Structures are given as structure tokens and as C-alpha cells.
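Here are the chains, one letter per residue:
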Amino acid sequence: MLSASDIKRRAVELGFTACGIARAQVVDAEARARYSLWLEQGRHGCLEWAERNRGVRDDPRLLLDGARSLVMVAMNYYPAWRQPSESAQVAYYAYGDDYHFVLKKRLWQLTAWIEQTTGDHSRAFVDSAPLRERYWAVQAGLGFIGLNNQLIMPGRGSYFMLGCLVTTLELESDEPCRDSCGACRRCLAACPSGALDGCGAADCRRCLSCLTIEYRGEQLPEWVAAVKGERVLGCDACQRCCPHNAGAVATTVPEFEPHREFLSLTRADILNLTPAQYRRLTAGSAATRVTLRNLQRNAR
Ligand code: SF4
Ligand code: SF4
């Protein structure tokens, strides 16, 4: 038999910064209503997947027969080295290897260990299922959702990737985190495009992160040029300004070591990249989510 403490200890040994447990159950009515309203207002923009699989998104038990617990993990990706301002700007999370693989590799190890020790079954997810990771991270006591729409871990900040193990193992759950931003409103002022609504949600039609990464149109909307600056992939403005990130500690996860050659490119360099150069420079990185065509669109 494994306890919640055993799971948390093993998660930290595997390289996760934090681990919390939530009971597998339906998402609460208030969170479901907020999500429905966000969709109705069209604020998911080009994220069409957000409309799909509502049943699973509202009830993670549909992801695994007999699911009883959600093991939520967070991994620090804050880079030890950051781009000079003249380089084409890339969000910190995409500096190193693709986080999907980095986290999943370790979650699979956790799954195998649980299965060998208890016979219980688990499934690992890192952005790979319609699962509300931030909501469940709050329920698992890891942190709160800030006005910048990010999970903020008190005392640690928000430069963390989240992963989830849905498991049949019955585990003692943590208390949900009740912290909040208090009187702070810094990210609302720092957002270059006014994408934050002041209630913890973002309008993806205006968010530069969504537009530079997920938007597939030939051209970015015309207004973007006036606010985008040197950004070509993502945007960290609402995290950089957050006081919870003032003491961010660099990651020690080796795979998150920045891909320096890619990160030293200027916008002019990106415009001259050939497909072969692009493939070599972005190999293994989360940057491959953005095709060369869209990266060059963003650079233009
Ligand atoms: S990522 Fe950038 S554009 Fe999007 S909400 Fe944050 S600051 Fe605004
Ligand atoms: S900058 Fe302030 S308001 Fe925004 S997420 Fe951080 S603490 Fe909350």
C-alpha cells in the first residue's frame, strides 16, 4: 500500500518541484459555469479544442475506469540564462526540450512504480487530455490561479509546468489552496494587449501567446504589430511582472537547459531560415509547435 506521502516523496525524487493530491470527482459548478461563459463569449479564440470533450473536461474520472485520485505535479522550467533583448523573444517555457516529453518520462516512471507496488492503474497526462490542470492543481493544494491566468505557487511563483496522473489508487487528498492575488493588479497593467479580464481569465483573441503559437492564419491581426515588440513565440509579460516570481530559482532539470543557438537568433535571422535549418535548430524543443511559416509570420 502506498500513502500520499510516499507518492509525493517519489515525485520529488523524480525531479518534480511539488506534488499534491486531489480526489477524482466532477469539476465544481462555479468553475464549469465560468468555463461555459468563456466559451460562449468566444474568448477561446483560435483554441477550437477548448470546445470539445466537455464531458471529460468536467469529469476526469472518464479518463480511467475506477479513477479515485489525481496526482498533480509541477516542474520548474525557469531558465538559468535568458535571451538578450536584441534576440527574437521566445517564452521561457520553450527555451529547453519539449516539456511534454520531459514531464511524461518522469510520470511514466511514477506510474510504473505505483503499478509494481500496488497493482493500481494510472494514466499520465501533460497537455494531452481535456483535463483542467490548473483547476486540479488548486484542488490539490499546489497554488492558486492568479489574475494572470497562471497557477501561482505561493513562495515559488508560476514558472512551472503541470502534469497529472489519474490513478485508481485511493489517496488522502490535500486541502485546496485558498490564496489569492490580494490587492495586486500588476499583470493587468503589464499585459501589452489588454488580454486579461481582471477575474483570472484571458481573452485568447488578444493574448500574444495564443496568437503567436496557436493562431494558424497567414497574417496576425493588424493591431498586433503595434504591441508585439520582438516576441516571435509566446509572451511572458504577465509572469515577469508578478511579485511571486521575483525570487524565481533556476531549474535544475537538465532537459530544460536553453537551446542557445535557437535563442540567439534575431528576427532577421528567422526570416532567412531554411526548413532544414529550422528543423535542426528546434529539434526536441517545444518551439516545433510553431511551424517555420508561422514563426516567420511572427517575425515579420
Ligand atoms: S501572455 Fe502576454 S498577451 Fe497573454 S495575457 Fe499574458 S501578458 Fe497578456
Ligand atoms: S502580478 Fe499581481 S495580480 Fe497578477 S498574478 Fe501576480 S500577484 Fe496576481
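Scroll up for the structure.
In this report, the structure presented in the accompanying data block is examined.

Cut-offs and rules
Once a new chain begins, its residue numbering starts again from 1 and follows that chain's sequence as written. Going through the entries in the order they are written, you letter the chains from A and number the ligands from 1. Local features are withheld for residues below a pLDDT of 70 in this predicted model, meaning they are given only at 70 or higher, and side-chain atom pairs are given and counted only at 80 or more; totals for whole chains, interfaces and linings count all residues. Any two strands with at least two DSSP-identified bridges between them are counted as paired. The numbering of helices and of strands both runs from the N terminus, where a helix is a DSSP run of H or I of at least 4 residues and a strand a run of E of at least 2. For helices, the fitted axis covers only the stretch in contact; all axes are lines through C-alpha atoms, and the angles between them, taken along N-to-C directions, range from 0 to 180 degrees. Here the expected length of a helix is defined as 1.5 Å per residue gap, with one fewer gap than residues. Here the C-beta atoms are placed from the backbone, and a residue counts as buried if at least 20 other C-beta atoms lie within 10 Å of its own, exposed if 12 or fewer do, and partly exposed otherwise. Throughout this description, a residue near a molecule or strand is one whose C-beta atom, derived from the backbone, lies within 6 Å of it. The contact criterion used is a C-beta to C-beta distance within 7 Å, with each C-beta placed from the backbone.

For the rest of this paragraph, the subject is the sheet that holds strand β7 (residues 160–167). Paired through backbone hydrogen bonds, the strands of a sheet run either parallel or antiparallel to each other. An order of β1-β2-β7-β4 is seen for the 4 strands of this open sheet, with the pairing classed as antiparallel. Either end of the sheet is taken by a strand with one partner, and the two such strands are β1 (18–23) and β4 (122–125). Across the sheet, the axes of successive neighbouring strands diverge by a mean angle of 20°, strand direction being ignored. As paired elements, strand β2 (residues 69–76) and β7 share 8 bridges and run antiparallel to each other.

Right, let's get into helix α2 (residues 29–40). Relative to the 16 Å expected for 12 residues at 1.5 Å per residue, α2 spans 16 Å between its end C-alpha atoms, a close match to the ideal helical length. Of all 12 residues in α2, 0 are buried; the element is thus mostly exposed. Looking one or two residues beyond α2, the residue adopting positive phi is Gly42, at roughly 75°.

Taken together, 13 residues surround ligand 1, and among them Cys191, Cys207, Cys235, Ala237 and Cys238 come closest. Elements supplying a minimum of two residues to the shell around ligand 1: α7 (208–213) and α9 (237–240).

Of all 8 residues in β7, 8 are buried; the element is thus mostly enclosed. Taking every second residue as pointing to the same face, both faces of β7 are buried, with Phe160, Leu162, Cys164 and Val166 on one and Met161, Gly163, Leu165 and Thr167 on the other.

Further remarks concern the environment of Leu62. With respect to the element layout, Leu62 can be found in the loop between α3 (54–58) and β2. Its 17 C-beta neighbours within 10 Å are what place Leu62 among the partly exposed residues. Separated by 38 residues in the primary sequence, Leu62 and Ala24 have C-alpha atoms spaced 9.8 Å apart. Each residue touching Leu62, except ones within four places of it in the same chain, is listed here: Gly55 and Val56.

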